[in-house]
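Residue-level structural notes
Residues per chain, in single letters:
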Amino acid sequence: SMFEKNHVRMEEERIERETKRRMLVAYCGELFDEIDVDGKGVPMERFHELDQLLPKIADLFKVNGVALVDDDLEHMIDLMDADFSGVIDKDEFCHFLMRVAEGVRPLLLMEMRQEIMHFVRGSLKMCVADMEKTLRKELTDAHAWTQPLTKDLEEIRRLLKELAVAQQSASGLAG
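This is a predicted model, so every value here is computed, not measured. Each chain carries its own residue numbering, running from 1 in the written order of its sequence. Per-residue local features of the predicted model are confined to residues with pLDDT of at least 70, and side-chain atom pairs are confined, for both listing and counting, to 80 or more; whole-chain, interface and lining totals are unaffected and use all residues. Side-chain metrics in this entry use all non-hydrogen atoms of the structure; hydrogen atoms and water are not considered.

Side note on the side chain of Asp81
Going by this rule: Secondary structure is summarised from DSSP: a helix means a run of H or I of at least four residues, a strand means a run of E of at least two, and numbering begins at the N terminus for each. Each residue gets one of three labels from its accessible area relative to the maximum for its type: buried under 20%, exposed over 50%, partly exposed in between, using a 1.4 Å probe on protein chains only. Any pair of nitrogen or oxygen atoms within 3.5 Å is treated as a polar contact; in protein, a donor-acceptor pairing is required on top of that, and neighbouring residues in sequence qualify only through side-chain atoms on both sides.
Mapped onto the fold, Asp81 is located in the loop between α3 (70-79) and β2 (87-88). Accessibility expressed as a relative area gives 5% for Asp81, which makes it buried. Here Gly86 takes part through its backbone nitrogen, which lies 2.7 Å from a polar atom of the side chain of Asp81.

Things to note about the packing of helix α1 (residues 2-35) against helix α4 (residues 90-101)
Rule in force here: For every element, the axis is a line fit to its C-alpha atoms; helices are fit only across the contacting stretch, and the angle between N-to-C directions ranges from 0 to 180 degrees. Here the word oblique covers every angle except those under 35 degrees (roughly parallel), over 145 (roughly antiparallel) and from 65 to 115 (roughly perpendicular). Helix crossings are classified by the rotation of the near helix relative to the far one: an anticlockwise turn of less than a right angle makes the crossing left-handed, while a clockwise turn makes it right-handed. Contacts were defined at the residue level, with two residues in contact if any of their heavy atoms lie within 4.5 Å. Gly falls in the polar group here, along with every residue not listed as nonpolar (Ala, Val, Leu, Ile, Met, Phe, Trp, Tyr, Cys, Pro) or charged (Asp, Glu, Lys, Arg).
Their axes nearest at 9 Å, the elements α1 and α4 cross at an angle of 135°. With respect to α4, the axis of α1 lies oblique. The element α1 and its partner α4 pack so that their crossing is right-handed. On the side of α1, the interface is formed by Arg21, Leu24, Val25, Cys28, Gly29, Leu31, Phe32 and Asp33, while α4 contributes Lys90, Phe93, Cys94, Leu97, Met98, Arg99 and Ala101. Residue composition of the contact of α1 with α4, by class: ten nonpolar, one polar and four charged.

A short note on the packing of aromatic side chains
To keep things clear, this is the line we draw: When two rings of Phe, Tyr or Trp (its six-membered ring) have centres within 6.5 Å they constitute a pair, described as stacked for plane angles under 30 degrees, edge-to-face for angles over 60, and tilted for the intermediate range.
Taken as a whole and assessed by the stated rule, the structure comprises one aromatic pair. Arranged with centres 5.1 Å apart and planes meeting at 45°, the rings of Phe32 and Phe93 form a pair that is tilted. Within this pair, whereas Phe32 is found in helix α1, its partner Phe93 is found in helix α4, the two being separated by 61 residues in sequence. Neither Phe32 nor Phe93 differs from the other in exposure class; each is buried.

Purely spatial values, then, with no claim about function.
Spelled out as structure tokens, the structure:
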């Protein structure tokens, strides 16, 4: 029936997409290994080394029908460090390139990241301000209830000194 043929065609397309995806991931991993020889990832100070992979990435995308603008390639490397650790690992590299292959534009990602970071920084500033305000209040409150305690302790110290002097006088009189 027509429904079965459509279902078979959709399944074949899904298998083809999955095969292409696995091939792309494997190739991305091989590309990354050209730079990451020790398997520890590429630290920020070596991000520029990934630039030499851009022509191969562009060719890979072209062969697989992924439309890219030159601006996209220029900004890609900085966006790959998804966890902001200062190191791009193979998973981040491959995951990012797969997102691009699926049609997510790096320039869009960069704009979104900047908006998110702006929001996060603003939120952090507000949290820090709230925490500072709370700490000041707590310190003021703590000072308010410790001040009488300090006075009480000073009074106890004074009384103990008087008691010690009285005891010495009493022991001097007894002797």
